Structure formats: structure tokens, C-alpha cells
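Chain residues, written in single-letter form:
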Amino acid sequence: MVGKDARILRSSTGTNLSYLTSSVTLGGGESADIILDTTGVAPGTYFLYTTDLNNLSNNEEDFGGMMTEIVIL
């Protein structure tokens, strides 16, 4: 992760605060700037979403929620 909520991850003295992670949790209205290393990943379309499918619903509806996709060529 190199940025969060439209700000680069650096301290007030300029120290680099970026970090490696295998998961990112975002709340409503948050954003993250991520460099995704796809070395060794087969070309295709990959979906990013929660594995807790209850979080992909809109109350009584069976669909909805946030999801995005990454296309690797």
C-alpha cells in the first residue's frame, strides 16, 4: 500500500510508510492506492470482493455490494 485516502504514505519528515500486505480492508468512503504485483499470475479477469457474502447484499436483496475487477493481459 502506497497511499490512503488520497495521501501518499509518508511521515511529516518524509519517511516512507508504505507497506506490503496480502489484504486490504476499506470502510465506506475510504480509498487506497495499491501497487499490485502480478508476477507469475496467469492472464485473465480476477474479481476483488469480500468472502463474507452477507456483505455483498443490500439488506433483503440477493445482490449488490461493492466488487471490482482486475484484468491481467
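Residues numbered from 1 in each chain as written. Predicted model: local features only at pLDDT ≥ 70, side-chain atom pairs only at ≥ 80, totals over all residues. Heavy atoms only, no water.

K.L.:
Account for unusual backbone geometry, naming residues and giving values.
P.N.:
A positive phi angle, near 50°, is found at Asp5, a position not held by glycine. On the secondary structure map, Asp5 appears in the loop between strand 1 (3-4) and strand 2 (7-8). If you check the backbone angles, Ala6 has positive phi at about 65° while not being a glycine. With respect to the helices and strands, Ala6 occurs in the loop between strand 1 and strand 2. (Helix = DSSP H or I, 4+ residues; strand = E, 2+ residues; numbered from the N terminus.)

K.L.:
Talk me through the environment of Ala6; I want residue IDs and the actual numbers.
P.N.:
Residue Ala6 is classed as exposed on the basis of its relative accessible area, which comes to 70%. With 27 residues separating them in the primary sequence, Ala6 and Asp33 have C-alpha atoms 7.7 Å apart. (Buried < 20%, exposed > 50% of the residue type's maximum accessible area, 1.4 Å probe, protein only.)

K.L.:
Before we move on, can you summarise the pattern of salt bridges with the specific residues and values?
P.N.:
This structure, assessed with the given rule, holds one salt bridge. A salt bridge links Glu30 to Lys4; the shortest N-O distance between them is 2.9 Å. Within this pair, whereas Glu30 is found in the loop between strand 2 and strand 3 (32-33), its partner Lys4 is found in strand 1, the two being separated by 26 residues in sequence. Residue classification places Lys4 among the partly exposed residues on the basis of a relative accessible area of 30%. (Salt bridge = Lys/Arg side-chain N within 4 Å of Asp/Glu carboxyl O.)

K.L.:
Lay out the sheet that holds strand 2 with the relevant residues and their values.
P.N.:
Read from one edge to the other, the open sheet built from three strands follows the order 2-1-3, with strand pairing classed as antiparallel. Two strands lie at the open edges of the sheet, namely strand 2 and strand 3, each paired on one side alone. Here strand 1 pairs with strand 3 via two bridges, running antiparallel. Looking across to strand 3, one finds that Gly3 is bridged to Asp33. (Pairing = 2+ DSSP bridges.)

K.L.:
How would you summarise a nonpolar patch on the surface if you had to cite specific residues and measurements?
P.N.:
Taken together, the side chains of Val24, Leu26, Ile34 and Leu36 make up a nonpolar region of the molecular surface, amounting to roughly 340 Å² of accessible area. By the element assignment, Leu26 lies in the loop between strand 2 and strand 3. (Patch = residues over 30% accessible without salt bridge, like charges linked within 9 Å, V, L, I, M, F, W, Y side chains within 5 Å. Areas by Shrake-Rupley, 256 points an atom, 1.4 Å probe, with all protein chains shown as cover.)

From the geometry alone we can't say anything about function, so treat these as descriptive.
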